[in-house]
Structure formats: structure tokens, C-alpha cells
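# Summary of structural features
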Amino acid sequence: MDSNSVSPMPELAPIAEFDKSPPSPPNEEVPMDDLPPPPATISQAEGKKLKIHRKHYSDEHERGACEWCEYALVITLATILLIGVSALTIFWTFFYREGYAWADELPEKQFNLHPTLMVAGFITFSGFSVLLYRICRCFRRIYVKLLHAIFHALAFPCIVIGFLAVLDFHNKKGINNFYSLHSWIGFVAMGLFGIQYVVGFFSFLLLLICNKGTANFRASLVPIHAAFGILTFVLGVCACLTGLTEKALFTLGAERYSGLPDEGVIINAIGVAIIAILAVVMYIVSRNKFKADSRDMRASVDL
């Protein structure tokens, strides 16, 4: 082989040069197809509702042990007082006033129906009706309405029979009717109670048949009905207190009553219990934490 004949070397592929073109300017538009999809947006109204929901949820969890203790204490105290005042009135009537009767020969025993039934109607049943409508927050509003109406329905015959008992007693004994402050306050309280019951029954129960058509009307009646309900309860308390004082002065006499006999102590205890019930009811009514949520109130109107 010839030494001068050398096989040619294969040519190497040229090295690729890097692209030295300047980068794209920042404001250069990029095709939309190359961008990731935008995140899901929340409308302003939905964000407001979500914020309110989170706030309500946090408020519910902020009700700690102290608030639940307050809630339980108020319910327990109100229940004891409402039942205890009627029990104490019945004890006073049987132990000191010889019980009950409805007969011409026993008009004094017939009168005993008046304080017992009026305390039961104006204080016990009406007090439970007011408290249940305010503190029963875990029930559906329609059930709370029914309980509210049931307790008022129990109070209605008590007030009517108690009024007829004292009216018949006065006629049998020849005593004038409606001459005292007690009778005037009681008459106004009975009138307001009757109006409240009729308006509440037709407006908040019967009008539910036409729910949507009467929603605005029923919503406008809620604050009026609540205000007159509290006024009726306060007038009932005043009528009971003046009636107890009048009964103590007529049966015991001013001189004996001033000596504070045992019966006088019982009568005063009944009056103090009634005042305590009024204080508890007004405390619950004035506390915003015991009020139902505005959404619950709106739902109660829509039910």
C-alpha cells in the first residue's frame, strides 16, 4: 500500500450556533392558549354571604361555658318561679282560705278561684308562653309558635273563669264591681290579652295558608305583637299585686296585717315571687343573646 495515499478524514458536522436573538420584550402578547386557566372567581354577593356565614359560625362557637351557664340558670330559675308561684297560691288557698267551691252558700270559697286562676293565667301560663318564644332557639319556629299559642290557650280559660268567679261573688255579696284600681288594671289586662290572642291566632297561624301573600304583613306585625305582649304581661303582674294587697287588707285588716301574721307572710311571698318572675322575663327580653337570629325570624315569617 502506498504510504502517500491516506484515506480522507470524514468531515464533522458543524456545531450548532446558539440563538443570539434578543429575548421577547415583557409586553409582548402571549397566546391565550398557552396560559393556565384562571382561578375560579367568587362574586361579591357570594363573598358577602360566605363572610356572614363564617361570622355566624364563629359567633356560635364563641358561646362558651359562661353563656351556656347563664342560659341554663335563667331557664331553671324561670321554671321554678313560674310553677312555684301557682303552687304557693294553691297552698295559701287551701291552708288559710279553706279551698274552693262554686255554690251560693259558700261564696268565699268561690272567690278563692279568682286569685288562683288569675295567677295561673296571667303569670304562669303567660310567662311560659313569653319565655318559650324567646329561649327555644333549637326548635323550628313553627313549633315554637304552636307552643306559644298552646300556653296562651291554657291561660285564656283561667282568666275567663277567674273573672266570672269574682263577678258572681260580688253580685252575691252585694259588692260594687269595677270600683278599685285593681279592677281597672285587671280589666285592661284582660282586654289586651283577648285582643292579642285573636290577632296572634289569625295573623301568625291562619294566615300561613297564604304564606307568600301575607309574609310582609305578618313581618310588620311581629314588633307590634311583641310590644303589646310584654305590656299585657306587665299589666297582669300589676293586677295580681294590687289584688293580693287588696285581699290582705280586706281579710286580715290593716292592723293585723301590719303585725305580719303567717298568712300575711305567704301573701307577701306570692307577691315577691311575681316580681321576681317579671324581673326574669324582662331580663330575657332585654338580652340580645336570647333573641332569635334575624334569619330565623325571617324564616319564622316564611313558615
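As shown above, the structure is provided for reference.
What this report covers is the structure whose coordinates are included nearby. Since the structure is predicted, the reported quantities are computational estimates derived from the model, not experimental observations. (Residues numbered from 1 in each chain as written. Predicted model: local features only at pLDDT ≥ 70, side-chain atom pairs only at ≥ 80, totals over all residues. Heavy atoms only, no water.)

## What to know about the nonpolar core
Counting residues in each nonpolar core, the largest one holds 45 residues, and the members touching the most others are Val 85, Phe 122, Ile 123, Ile 274 and Ile 277. Contributions of two or more residues to this core are made by helix 2 (65-96), helix 4 (113-135), helix 5 (141-173), helix 6 (181-204), helix 7 (211-252) and helix 9 (262-286). The next biggest cluster of nonpolar side chains, apart from the first, holds five residues, and it includes Leu 113, Leu 117, Ala 120 and Ala 165. (Core = buried A, V, L, I, M, F, W, Y, C linked by side-chain atoms within 4.5 Å. Buried < 20%, exposed > 50% of the residue type's maximum accessible area, 1.4 Å probe, protein only. Helix = DSSP H or I, 4+ residues; strand = E, 2+ residues; numbered from the N terminus.)

## Section: helix 5
Here helix 5 contains 33 residues, and its C-alpha end-to-end distance of 48 Å stays within 8% of the 48 Å for a straight helix at 1.5 Å per residue. Backbone geometry just after helix 5 places Gly 174 at a positive phi near 70°. (Expected span 1.5 Å × (residues − 1).)

## A short note on the pattern of salt bridges
Enumeration over the complete set of coordinates arrives at four salt bridges. Residue Glu 70 pairs with Arg 287 through a salt bridge whose shortest N-O separation is 2.9 Å. Here the residue Glu 70 occupies a position in helix 2, and Arg 287 occupies one in the loop between helix 9 and helix 10 (294-302), the gap between them amounting to 217 residues. Between Lys 173 and Glu 108 there is a salt bridge, and its shortest N-O distance comes to 3.1 Å. (Salt bridge = Lys/Arg side-chain N within 4 Å of Asp/Glu carboxyl O.)

## Here's the deal with helix 4
Between its first and last C-alpha atoms helix 4 spans 31 Å; for 23 residues at 1.5 Å apiece the expected length is 33 Å, and the two agree. Of all bends in helix 4, the biggest is about 35°, found at Ala 120. Counting buried residues along helix 4, 20 of its 23 residues qualify, which places the element largely inside the surrounding structure. (Bend = angle between axes of the 7 residues up to and from the residue.)

## Concerning the packing of aromatic side chains
All chains considered together, the criterion is met by 13 aromatic pairs. Ring geometry for Phe 95 against Tyr 96: centres 4.9 Å apart, planes inclined by 75°, an arrangement best described as edge-to-face. Phe 95 sits in the exposed class, given a relative accessible area of 57%. Among the residues examined, Tyr 96 registers a relative accessible area of 24% and is labelled partly exposed. Ring geometry for Phe 156 versus Tyr 197: centroids 5.8 Å apart, planes at 25°, classification stacked. Taken together, the residues span a long stretch of sequence, with Phe 156 in helix 5 and Tyr 197 in helix 6 at a distance of 41 residues. Each residue in the set Phe 122, Phe 156, Phe 193 and Tyr 197 is aromatic and connected to the rest through ring pairs, giving one cluster. (Phe/Tyr/Trp six-rings, centres within 6.5 Å; stacked < 30°, edge-to-face > 60°.)

## Considering the side chain of His 182
As for its position among the elements, His 182 is in helix 6. Judged by its relative accessible area of 16%, His 182 is buried. Engagement of the side chain of His 182 in a polar contact is seen with the backbone oxygen of Ala 239, the distance being 2.8 Å. At 3.2 Å, the side chain of His 182 and the side chain of Thr 242 are in polar contact. Ignoring sequence-local partners within four residues, the contact set of His 182 consists of His 114, Ala 239, Thr 242, Gly 243 and Glu 246. (Polar contact = N/O pair within 3.5 Å; in protein donor to acceptor, adjacent residues only side chain to side chain. Contact = heavy atoms within 4.5 Å.)

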